[in-house]
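Chain by chain, the residues:
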Amino acid sequence: QVQLVESGGGLVQPGGSLRLSCVASGPVFRIYVMGWYRQAPGKERELVARIFRNDGTNYADSVRGRFTISRDNAKNSVSLQMNSLKPEDTAVYYCNADLEAAAMGRTDYWGKGTLVTVSL
């Protein structure tokens with residue numbers, strides 16, 4: 001069974017940095033897109049950044065220039081380097097992968113989420 005496991009969340013002061021990581025485990029055949037979404041209390045889940053197999057990227061306007069997404073195809077992993085964090089970045093961050101698993105076809109997978117809190 002394919003699983004996405006996130007790590008790296010926590011509490012950080014405004015202006016600080018955090019790095020989130022996500023690894024896809026299980027019978028992964030090919031990963032097409034990996035990305036990070038977030039959901040703040042009382043708000044809908046939104047795209048933060050995603051990276052395609054050819055290393056093309058999309059960023060939310062609110063994080064462009066502060067966050068950097070990267071992936072390691074050999075390790076089936078994606079990372080999100082978050083700099084100059086603001087209180088409004090506080091949310092649960094979810095890893096997402098559009099991937100093809102052995103004998104299961106192409107499907108969207110989600111991690112359980114990791115909490116990022118930006119506060120004094």
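Residue numbers here run from 1 along each chain, matching the order of that chain's written sequence. For this predicted model, a pLDDT threshold of at least 70 governs which residues receive local features, and a threshold of 80 or more governs which side-chain atom pairs are given and counted, while totals over whole chains, interfaces and linings are taken from all residues. The basis for every side-chain value is the complete set of non-hydrogen atoms in the structure, without hydrogens or water.

Caption draft 1: Molecular detail of the pattern of salt bridges. Any Lys or Arg side-chain nitrogen found within 4 Å of a carboxyl oxygen on Asp or Glu counts as a salt bridge. The tally for this structure, following the rule as stated, stands at six salt bridges. Between E46 and R38 there is a salt bridge; the shortest N-O distance is 2.8 Å. To sort residues, take the accessible area from a 1.4 Å probe on protein chains only and compare it with the maximum for the residue type: under 20% means buried, over 50% means exposed, and anything in between is partly exposed. Accessibility expressed as a relative area gives 36% for E46, which makes it partly exposed. Among the residues examined, R38 registers a relative accessible area of 6% and is labelled buried. Close ionic contact of R64 with D61 constitutes a salt bridge, the shortest N to O distance being 2.6 Å. Look at R64 and you get partly exposed, because its relative accessible area is 48%.

Caption draft 2: Broad picture of the nonpolar core. Put simply, buried Ala, Val, Leu, Ile, Met, Phe, Trp, Tyr and Cys residues joined by side-chain atoms within 4.5 Å make one nonpolar core. Membership of the largest hydrophobic core comes to 33 residues, with the highest contact counts inside it found for W36, L80, M82, Y93 and L99. In this description a helix means any DSSP run of H or I spanning at least four residues, a strand means any run of E spanning at least two, and both kinds are numbered starting from the N terminus. Going through the elements one at a time, β3 (18-25), β4 (28-39), β5 (46-52), β7 (67-72), β8 (77-82), β9 (91-101) and β11 (114-118) are the ones with two or more residues in this core. If you tally residues by element for this core, the top one is β9, at six residues. Among residues more than four places away in sequence, those in contact with L99 are V2, A24, V28, R30, I31, Y32, G105, R106, T107 and Y109. For this analysis, residues touch if any pair of their heavy atoms sits within 4.5 Å.

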